[in-house]
Amino acid sequence: MNITIIGAGNVGYHLSQRLVEVGHRIQQIFSRKTDKVIRISKIIKAEPIDNLSSVKKGADLYILAVKDDAIGSVAEKIRKKIPGNSWVVHTSGSTPSTVLEPYFENYGVFYPLQTFSMNRMAEFTDIPFLVDANKELMKERLYSLAETISPKVYRIDDEARAKIHVSAVFVNNFTNHLYAIAEDMLRSEELPIEVISPLIQETAKKIRFHSPQTVQTGPAVRGDEATIQRHLEYLEKFPKYKEVYELLTGSIGGMYGS
Ligand SMILES: NC(=O)c1ccc[n+]([C@@H]2O[C@H](COP(=O)([O-])OP(=O)(O)OC[C@H]3O[C@@H](n4cnc5c(N)ncnc54)[C@H](OP(=O)(O)O)[C@@H]3O)[C@@H](O)[C@H]2O)c1
């Protein structure tokens, strides 16, 4: 396929390289930052553009990998440059595909359910792709496109994807934030951060084979009140983290009835 990618952030950077790797052509790639877009364009042999008015017609697909809040305004701007029957998708988990409806007749979503960072390699063979479109033919083509870059492709509509995205926030964004809290507390106590690393690894490994509910451990599930009290006393010096501790302890207690 001949694809234009709008956005050269975490997703645009990795997705464009994967598409080229499996044989697709990137017609143009956009970032507002000239240096950044030139750098990535050299890797993927695409035309770099730093202005949306330079978007050209003729791509089989336009992928908008821009921040959620900018999808509508970017679609509006590129509509001035490309025909209304162009195929346009975004890569957002929580944004409905219909945000593109006012501008394009053929629209959809091409959502990779993984966490991407510029400084970390993306392992696409392990990334589920959730695709959807407003027309059956486009849905089929997006499904086939996703299959060229990942073995895990799902047809998921806006409503279901929004629900999945909430779960994704819990398992990734929130757990990562909890790691950041732990790191901050250990650092401020001048204690070695690496002591908790094997625990993080094992927590993630364990749930490959067990339901998380069956392997929950800790004072909240055991109902060890004295331990919880000691933790809360210690957390007086980190009031924001104490609030999080209390909330999660209450949630665990509520789920297991301890
Ligand atoms: N990161 C993830 O783990 C992840 C995973 C799955 C899906 N997604 C989704 O993928 C999309 C992109 O996320 P990301 O993490 O790649 O974001 P990002 O790293 O912040 O990159 C966003 C890109 O959007 C561009 N952009 C932001 N505001 C813009 C505006 N007003 N006009 C034009 N371009 C604008 C930025 O341009 P500049 O380069 O000029 O700054 C940048 O290239 C989002 O919809 C997100 O929900 C993200």
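Residues numbered from 1 in each chain as written. Predicted model: local features only at pLDDT ≥ 70, side-chain atom pairs only at ≥ 80, totals over all residues. Heavy atoms only, no water.

Observations concerning the domain arrangement of the protein chain
Here the protein chain is described as being made up of domain 1 (2-156) and domain 2 (162-256). Each of domain 1 and domain 2 has a C-alpha centre, and these two points are 35 Å apart. Listed as interface residues are seven residues of domain 1 and, on the opposing side, five residues of domain 2. At the boundary of domain 1 with domain 2, total buried surface from both sides reaches about 440 Å², with 71% on carbon and sulfur atoms. The largest contributions to the domain 1 side of the interface with domain 2 come from Ser-94, Leu-113 and Thr-115, which together make up 53% of the buried area. (Domains from an automatic or database assignment. Contact = heavy atoms within 4.5 Å. Buried area = accessible area lost by both parts, 1.4 Å probe.)

Comments concerning the sheet that holds strand E4 (residues 61-64)
Taken together, the eight strands give an open sheet; going across it, the order is E3-E2-E1-E4-E5-E6-E7-E8, and neighbouring strands pair in mixed fashion. This sheet does not close on itself; its edge strands, each paired only once, are strand E3 (47-49) and strand E8 (153-155). The sheet shows a mean angle of 20° between the axes of neighbouring strands, direction not considered. Across three bridges, strand E2 (residues 25-30) lies against E3 in parallel orientation. Its bridge partner being in E3, Phe-30 is matched across the sheet by Ile-49. Across the sheet, helix H1 (residues 10-21) touches strand E1 (2-6), E2, E4, strand E6 (106-112) and strand E7 (129-133), and the angle it forms with E2 is around 165°. (Pairing = 2+ DSSP bridges. Helix = DSSP H or I, 4+ residues; strand = E, 2+ residues; numbered from the N terminus. Axes fitted to C-alpha atoms, helices over the stretch in contact; angles between N-to-C directions.)

Some words on the site of the ligand
Within the structure, the ligand sits among 23 residues, and Ser-31, Lys-33, Lys-36, Asp-68 and Phe-116 are positioned closest to it. At 3.4 Å, a backbone N or O of Gln-114 approaches an oxygen atom of the ligand. Phe-116 places a polar main-chain atom, nitrogen or oxygen, 2.8 Å from an oxygen atom of the ligand. Alone, the ligand offers 900 Å² of accessible surface; in the complex the protein occludes 80% of this. Those elements giving two or more residues to the shell around the ligand turn out to be H1 and E6. For the shell around the ligand, the per-class residue count stands at ten nonpolar, eight polar and five charged. (Near = heavy atom within 4 Å. Polar contact = N/O pair within 3.5 Å; in protein donor to acceptor, adjacent residues only side chain to side chain. Areas by Shrake-Rupley, 256 points an atom, 1.4 Å probe, with all protein chains shown as cover. Nonpolar A, V, L, I, M, F, W, Y, C, P; charged D, E, K, R; others polar.)

Observations concerning the environment of Arg-79
By the secondary structure assignment, Arg-79 is in helix H3 (residues 71-79). Relative accessible area serves as the criterion here: at 35%, Arg-79 is assigned to the partly exposed category. Along the primary structure Arg-79 and Leu-52 are separated by 27 residues, whereas in three dimensions their C-alpha atoms are 9.9 Å apart. Setting aside its immediate chain neighbours within four residues, Arg-79 contacts Gly-84, Tyr-103 and Phe-104. (Buried < 20%, exposed > 50% of the residue type's maximum accessible area, 1.4 Å probe, protein only.)

With respect to the pattern of salt bridges
Under the criterion given, the structure shown has twelve salt bridges. Between Lys-139 and Glu-136 there is a salt bridge; the shortest N-O distance is 4.0 Å. Taken together, the positions of Lys-139 and Glu-136, both in helix H4 (residues 136-149) and three residues apart, correspond to about one turn of that helix. On the basis of relative accessibility, which here comes to 42%, the residue Glu-136 falls in the partly exposed class. Here Glu-136 and Arg-155 are joined by a salt bridge, their closest N and O atoms 3.0 Å apart. Taken as a pair, Glu-136 in helix H4 and Arg-155 in strand E8 lie far apart in primary sequence, 19 residues in all. When salt bridges that share partners are traced, they join Asp-132, Glu-136, Lys-139 and Arg-155 into one network. (Salt bridge = Lys/Arg side-chain N within 4 Å of Asp/Glu carboxyl O.)

Description of the packing of helix H5 (residues 158-188) against helix H9 (residues 239-256)
Where H5 meets H9, the axes come as close as 12 Å, and the angle between the chain directions of the two elements is 135°. Judged on the interaxial angle alone, H9 and H5 are oblique. Every pair of crossing elements has a handedness; the one defined by H5 and H9 is left-handed. Facing H5, whose interface residues are Leu-178, Ile-181, Asp-184 and Met-185, H9 presents Tyr-241, Val-244 and Leu-248. (Parallel < 35°, antiparallel > 145°, perpendicular 65-115°, else oblique. Left-handed = near helix turned anticlockwise from the far one by under 90°.)

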